[in-house]
Each structure stands twice: as structure tokens, then as C-alpha cells.
Amino acid sequence: MKSKILVINGHPDPQSFCAALSDAYMKGAVASKAQVRSIELSKIQFDPNLKFGYRKRTELEKDLLEAQDLIRWADHLVFIYPTWWGVMPAILKGFIDRIFLPGFAYKYRENSYAVDKLLAGKSSRLIVTADTPLWYNKLAYKNAEYNVMKRNILKFCGVSPVRVTELGPIRGSSDKARAKWLAKVSQLGSQLA
């Protein structure tokens, strides 16, 4: 059981359904006596643009330094975000670009393409919403909306296992369907604490 959980809400709108999902997950985890912290990307201050790439260091803002400390602290990382144009929102991608840096999330080995995975020992859950029917995402898009996050980012840095919970379609969903999804996410929170 993971006792230190960090919930990262990657939706730029603080009144989104993802915010409600984030709250539901945290309530479930807290009820099970987990230590829970959160980062709401809509409320922290940072430039999501990695201006110089890796050529020149872009200094991290205070909120990003605090986010790195929270990621170091956590046993389990929960990312909650919508799928837009087949990927995560720009603010979440910018957050990852800015803090999942060499020396924090991974380290290049000398004279090698291999890396040391500095976030090993952590697990993750992706809670991803979509407007496209889930069966269509699987058949037509091969679940591209979370494979980049799961394989190319988190597992690259050593986070494993990475589990995925897909919810949708959100657009046009009923209050009853949303209540069911909120209950499901709260239960996920209580199961990991």
C-alpha cells in the first residue's frame, strides 16, 4: 500500500470535472489514512515553455521547485487530466517539460544512450477523461492519449507500474454517469492508501 500520494490535476480550469475527480480521489485516499498532497496546475505560477531546450538551463520558479519536492516525497503519483487532440493539455506537458529534467527524473550515463531512472520505486495512476468514446480511442487511436505519458515519460523515468483509468465520453454525459465516475475515482483513492 502506498502511504504518500501526490495528486496532480493537469486541467487548466479549476472548475473542471477533472477538479471534481481530483477532489474525489483525495477524499478516498484521506479516508483510508494516506498522506495526500496535491498540485493544481491551474493555480501555480510557471512558464510552461522550456525556452532553451536542453542547451541552456531555464531556472525553475518557486512553484516548480516545490513540485519537485512533492514528487520526491511521494510514493504514488496520480495524474488527472483530459485528452485534447489526442494528448494531455499544454499546461501539463509544459509542467513535465520544465521539471522532469536530467538530474531530477533521469540521468544520462556517460558514453551511452542508457539512462538511470531517478524516479524508480514510485508508482502512478493516470485518470484520463475524453469526449471520444473509449472503444474508439482504443481501436482507432491505439490509446495514444495516455501511451506517451505512460511509456515515454513515466516509465522512462522509472515510475512503475503505471495504471490507467479512462473515463468518458464526458461531453454530453449525465449527472448519473458523472456521479458514478466520481465514486469510482474515490474508491481508487481508498484502495491505494
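The text that follows walks through the structure, step by step, so that each part is easy to find. (Residues numbered from 1 in each chain as written. Predicted model: local features only at pLDDT ≥ 70, side-chain atom pairs only at ≥ 80, totals over all residues. Heavy atoms only, no water.)

As for the packing of helix α2 (residues 62–73) against helix α3 (residues 90–99)
Taken N-terminus to C-terminus, the directions of α2 and α3 make an angle of 80°; their axes are 10 Å apart at the nearest point. Judged by the angle between their axes, α2 and α3 are roughly perpendicular. Together, Leu64, Ala67, Gln68 and Ile71 of α2 and Phe95, Arg98 and Ile99 of α3 make up the contact between the two elements. (Axes fitted to C-alpha atoms, helices over the stretch in contact; angles between N-to-C directions. Helix = DSSP H or I, 4+ residues; strand = E, 2+ residues; numbered from the N terminus. Parallel < 35°, antiparallel > 145°, perpendicular 65-115°, else oblique. Contact = heavy atoms within 4.5 Å.)

Details of the packing of helix α1 (residues 17–31) against helix α6 (residues 175–192)
Remark: α1 packs on α6, axes separated minimally by 6 Å, with the N-to-C direction vectors making an angle of 40°. Viewed along their axes, α1 and α6 adopt a mutual orientation that is oblique. The chirality of how α1 crosses α6 is right-handed. Judged by residue contacts, Phe17, Ala20, Leu21, Ala24, Tyr25, Gly28 and Ala29 of α1 engage Arg178, Trp181, Leu182, Val185, Ser186, Leu188, Gly189, Ser190 and Leu192 from α6. For the contact of α1 with α6, the residue count by class is 11 nonpolar, 4 polar and 1 charged. (Left-handed = near helix turned anticlockwise from the far one by under 90°. Nonpolar A, V, L, I, M, F, W, Y, C, P; charged D, E, K, R; others polar.)

Things to note about the packing of aromatic side chains
The description of an aromatic ring pair uses the distance of the two centres, along with the angle that the planes make with each other. On inspection of all chains with the given rule, the structure shows 7 aromatic pairs. Relative to Tyr141, the ring of Tyr136 has its centre 5.5 Å away and its plane inclined at 85°; by these criteria the two rings are edge-to-face. On the accessibility criterion, Tyr136 (35% relative accessible area) is partly exposed. Exposure remark for Tyr141: the relative accessible area of 46% places this residue in the partly exposed category. Here a set of aromatic residues connected by ring pairs shows up, and it is made of Tyr106, Tyr108 and Phe156. One Lys or Arg, Lys56, reaches over the ring of Phe52 and ends 4.6 Å from the middle of that ring. Here Arg178 stacks its cationic end above the ring of Phe17, 4.8 Å away from the centre of that ring. (Phe/Tyr/Trp six-rings, centres within 6.5 Å; stacked < 30°, edge-to-face > 60°. Buried < 20%, exposed > 50% of the residue type's maximum accessible area, 1.4 Å probe, protein only. Lys NZ or Arg CZ within 6 Å of the ring centre and 35° of its normal.)

A look at the side chain of Thr165
Its location among the elements puts Thr165 in strand β7 (residues 162–167). If we ignore the near neighbours within four places in the chain, the residues touching Thr165 are Arg125, Leu126, Ile127, Val128, Lys184 and Leu188.

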